[in-house]
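The lines below spell out each chain.
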Amino acid sequence: MDLTAEVLRHALVVAAEEASIVVVRSAYSTFIVEGSDASAAILDADGALIAHSMATTLMNSMALKVALPEVRKDHPAMRDGDVYVTNDAYRGGVHTNDLLVFRPVFVGGVPRYFTATMIHVSDLGGLSAGGMAPLATDIFLEGLQLPPILLATDEGVVPAVEAVLRANSRTPDKVMGDVRALVAGTAVAATRLRALIREYGEAGLARGIAGYLDYTEERTRAALAGLPRGRFTAAYPIDDDGLDPDTPHHVRVAVTLTGRGAILDFAGTGPQVPAAINASASQSLAAAVFALRCFLDPSIPMNEGCLRALDIRLPEGSLLNARSPYPCGGRFVPIYAAMEAVIQALSEAVPERAIAASGILQPFSIAAVGAPYWIHLSYDFGGVGARRGLDGPDATGVHFGIGRNSVPQAEPVESRCPLVVESVETIPDSGGPGRWRGGLGTRTVYRFLADCHVTTRGDRLRIPPPGREGGEPGRLGGFFKRSADGTVERLASKVNNVLFTEGEAFIVETTGGGGLGPPADRPRAEIEADLRSGHITEHGARKDYAPRILTRSPGSKATS
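Residues numbered from 1 in each chain as written. Predicted model: local features only at pLDDT ≥ 70, side-chain atom pairs only at ≥ 80, totals over all residues. Heavy atoms only, no water.

Asks: Go over the sheet that holds strand 12 (residues 362-368), please, and point to the residues and values.
Replies: Spatial ordering of the open sheet is given by 13-12-16-19, a layout of four strands whose pairing is antiparallel. At either margin of the open sheet sits one strand with a lone partner, and together these are strand 13 (375-380) and strand 19 (494-500). Each adjacent strand pair in this sheet contributes to an overall mean axis angle of 15°, direction not counted. With five bridges joining them, strand 16 (residues 452-457) and strand 19 adopt antiparallel strand pairing. Across the sheet, the residue bridging to cysteine 452 is phenylalanine 500, located in strand 19. (Pairing = 2+ DSSP bridges. Helix = DSSP H or I, 4+ residues; strand = E, 2+ residues; numbered from the N terminus. Axes fitted to C-alpha atoms, helices over the stretch in contact; angles between N-to-C directions.)

Written out as structure tokens, the structure is:
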């Protein structure tokens, strides 16, 4: 790739990044302002992904990519200054609370490019505040659906659309603040893009973009050529659908590495169900791309060129490609299973890069029981599975679905919501034992200063992420309710609007990552280091690593 194309690529990434920063700084919702969970992208008129912000996750950039052609299909005639919005999960969207906003950028009188922004707005109705609805049996229980519609013009947000959004939100002022932030982000990116058109010219910009997309494609194909050819299969289970704990659900994949390309076929994945464990196609596409990229060169840019080398097949009507009216709000559950299945298949293909299964993020919401509504949305992260040669990182999860700082700091949350964050800590012994140990999960305790509703949408809380090659599974996490008298009750992984009263506490524990290799092979020096750091306890050392070490306390000599 020549220098001009490289400079142009970075200029477009910066334009998208600036748009996402504008959204964060302009939004009203706590999760956006404190968690910096905003995404922005620049696409061509056909929906090809040209650039996206550094904070943009693959989940969001794939949604923007897939949804844009649907917007154009419904609105073939566009005007400069128009802005469009959708959240249609069956047409590229994610779920009802994720608004995808698009602004055309005209060149020679026609829309050649689009700037796009996306965030999870505070509330758009549904079974529970904040858009969780883990027990929804159809999409109508998840909130307001928006087909591609005109959101704003040069004169501002369309009044009728604002009226509809306000009427369907528990927090109308916050939602409209978020919407205006999304519109502002597209305007900033469009201004930067027009400046690049003036600098490089229409043809020069198009040539530069084509050049670096071709360069990315070639880099991707070259990296794929370094993987062994063949067909590799794997499956990953889902704990339950929240309604029927006894019915199993699995995501299955066959990864075929052809030399300079890859086919990821999810045939055999379970069918869509009337429960919140389905995903839209854009989200499943993101999961597959992310997992494969974990085994490629991390310096390869993420844009349309990367996608050209991949053939991803998502059976329609499955857990990974749901159709109306099946709910899609619980998309984290199946797409993280898809991601894990691909990672495990590739771990068979490339054993020197193998990684054990991981704990995943655990989403939850805390909301007022009535008006005036306040809402806290958050995730906590599990431990990453051990990799060959390395222990798994603690409390990060293998994730691709959140922003640059998705877990808000305690102090801002306490200032905005009637609660106290009593503690945030890692859980000793939660990483799966092995030659290389899995990463630790976390424990966070929220004590409430007012009555509230808690909603959860977890997984890998019944079936632990397994180890590999003799490694042990990670320790299970869970959601818990601590009563005022200190009694602790375990909640189901997927619950809707559980009442907590003032003085009670909500405990979030995340699952640890699986270990890799037999625990008996872990060197004594590394076990002792784990004891000193608090990653394991004396009891854990005796249980998981004896006879390598039988007892050890910080500052004392080991006894074996």
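Let's pick the thread back up.
Asks: Would you mind going over the state of the cysteines in detail, with residue names and values included?
Replies: For the structure on display, the rule yields zero disulfides. No disulfide involves cysteine 417; its sulfur sits 9.7 Å from the nearest other cysteine sulfur, which is in cysteine 452. On the accessibility criterion, cysteine 417 (5% relative accessible area) is buried. (Disulfide = S-S within 2.5 Å. Buried < 20%, exposed > 50% of the residue type's maximum accessible area, 1.4 Å probe, protein only.)

Asks: Give me the lowdown on the side chain of glutamate 162, citing residues and values where you can.
Replies: On the secondary structure map, glutamate 162 appears in helix 4 (residues 159-167). Assessed through its relative accessible area of 16%, glutamate 162 is described here as buried. Apart from residues lying up to four places away in sequence, glutamate 162 is in contact with Val157, Met176 and Arg180. (Contact = heavy atoms within 4.5 Å.)

Asks: Hey, could you go over helix 12 (residues 538-545) for me, with residue numbers and the actual values?
Replies: Buried within helix 12 we find Gly540, Ala541, Asp544 and Tyr545. Around the axis of helix 12, the buried residues are gathered within 100° of arc, so they sit on the same side. Buried residues belonging to helix 12 abut helix 11 (524-533). (Arc of directions from axis to C-beta.)

Everything listed is a geometric property; what it means functionally is a separate question.
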